[in-house]
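The primary structure of each chain is shown beneath.
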Amino acid sequence: SLVGSEMCIRDRYINCSRKDRNGPKHLIGMAKYNIREKKTKEVTYLNLVNPELMETLENRIIDYIGNKKMYKEKAYSAKRLAYDIGTNTRYVSAVLNVRFGMNYTSFVNRYRVSEAMQILKDDRYRGMTMEDVSSMVGFANRQSFYAAFYRFEGITPRQYKLSSEPKPEKMKVPEPIEQDTQEQ
């Protein structure tokens, strides 16, 4: 069992006396779901990559994920990326966290969502299902596609598609043709 502020809320609930168990309802609910207080820890390896190497790795990551579009491969992992660019997964993780402020999955999903947005706006792909679009950009299933899309854009892919479809213009009333009113 942890001590002090790092103590698991569940442990606090279980270890309290019987009369205290009817105490604050928020502790009981949190204990039910085994929610722990968030610990902040220093990630030391983020500072281990020197700036020159970090820039080199950043460029290689962008080349593989962005330019070579490796994000379209469903099974393309951080381990495979590290192998492809000649480093280890800790360095890949450090570069992504420091330079982009996200982890590998979020980084790759950002590219996937961005391409999906282009596809959803493109008339050539109008007849595609969401499953087809998600597969085309590298998502393993529709659920992960919807979750990532919503996380980045705040709306579902379907809502985005409907909002980006061209709206039919209101029918304009034809203007009357001016006729020459002069008598001849």
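Residues numbered from 1 in each chain as written. Predicted model: local features only at pLDDT ≥ 70, side-chain atom pairs only at ≥ 80, totals over all residues. Heavy atoms only, no water.

Caption draft 1: Main features of the overall build of the protein chain. Counting its regular elements, the protein chain contains 9 helices and 0 strands. In the protein chain, buried positions account for 26% of the 184 residues. Partitioning the intrachain contacts of the protein chain with sequence separation of at least 6 by distance along the chain shows that 57% fall at a separation of at least 24. With an accessible surface of roughly 13,500 Å², the protein chain has 50% of that area assigned to carbon and sulfur atoms. (Helix = DSSP H or I, 4+ residues; strand = E, 2+ residues; numbered from the N terminus. Buried < 20%, exposed > 50% of the residue type's maximum accessible area, 1.4 Å probe, protein only. Contact = heavy atoms within 4.5 Å. Areas by Shrake-Rupley, 256 points an atom, 1.4 Å probe, with all protein chains shown as cover.)

Caption draft 2: Layout of helix 8 (residues 142-153). The first and last C-alpha atoms of helix 8 sit 16 Å apart over 12 residues, in line with the 16 Å expected at 1.5 Å per residue. Measuring from the backbone nitrogen of Gln143 back to the side-chain oxygen at the start of helix 8 gives 3.2 Å, which picks out Asn141 as the cap. Just past helix 8, the residue Gly154 takes up positive phi, approximately 80°. (Expected span 1.5 Å × (residues − 1). Polar contact = N/O pair within 3.5 Å; in protein donor to acceptor, adjacent residues only side chain to side chain.)

Caption draft 3: Local environment of the packing of helix 3 (residues 51-67) against helix 4 (residues 78-85). For the pair helix 3 and helix 4, the least separation of the axes is 10 Å and the interaxial angle reads 115°. Here the hand of the crossing between helix 3 and helix 4 comes out right-handed. In this structure, helix 3 uses Leu57, Arg60, Ile61, Tyr64 and Ile65 to contact helix 4, whose residues at the interface are Leu81, Asp84 and Ile85. Among the residues making up the contact of helix 3 with helix 4, the classes are represented as 6 nonpolar, no polar and 2 charged. (Axes fitted to C-alpha atoms, helices over the stretch in contact; angles between N-to-C directions. Left-handed = near helix turned anticlockwise from the far one by under 90°. Nonpolar A, V, L, I, M, F, W, Y, C, P; charged D, E, K, R; others polar.)

Caption draft 4: Helix 9 (residues 157-164), seen in detail. Those residues of helix 9 that sit buried are Pro157, Tyr160 and Lys161. Taken end-on, helix 9 shows its buried residues confined to a sector of 100°, consistent with a single buried face. In this fold, the buried residues of helix 9 make contact with helix 6 (104-121), helix 7 (130-136) and helix 8. (Arc of directions from axis to C-beta.)

Caption draft 5: Representation of the pattern of salt bridges. The final tally for this structure, using the stated rule, is 9 salt bridges. Salt-bridge contacts for Arg80 lead to Glu73; the nearest nitrogen and oxygen are separated by 3.5 Å. Note that Arg80 and Asp84 form a salt bridge whose closest N and O atoms lie 3.7 Å from each other. Here Arg80 pairs with Asp84, and both are found in helix 4, just 4 residues apart, close to one helical turn. Residue Asp84 is classed as partly exposed on the basis of its relative accessible area, which comes to 22%. A single salt-bridge network, built from bridges that share partners, covers Glu73, Arg80 and Asp84. (Salt bridge = Lys/Arg side-chain N within 4 Å of Asp/Glu carboxyl O.)

Read these as spatial facts, not as claims about activity.
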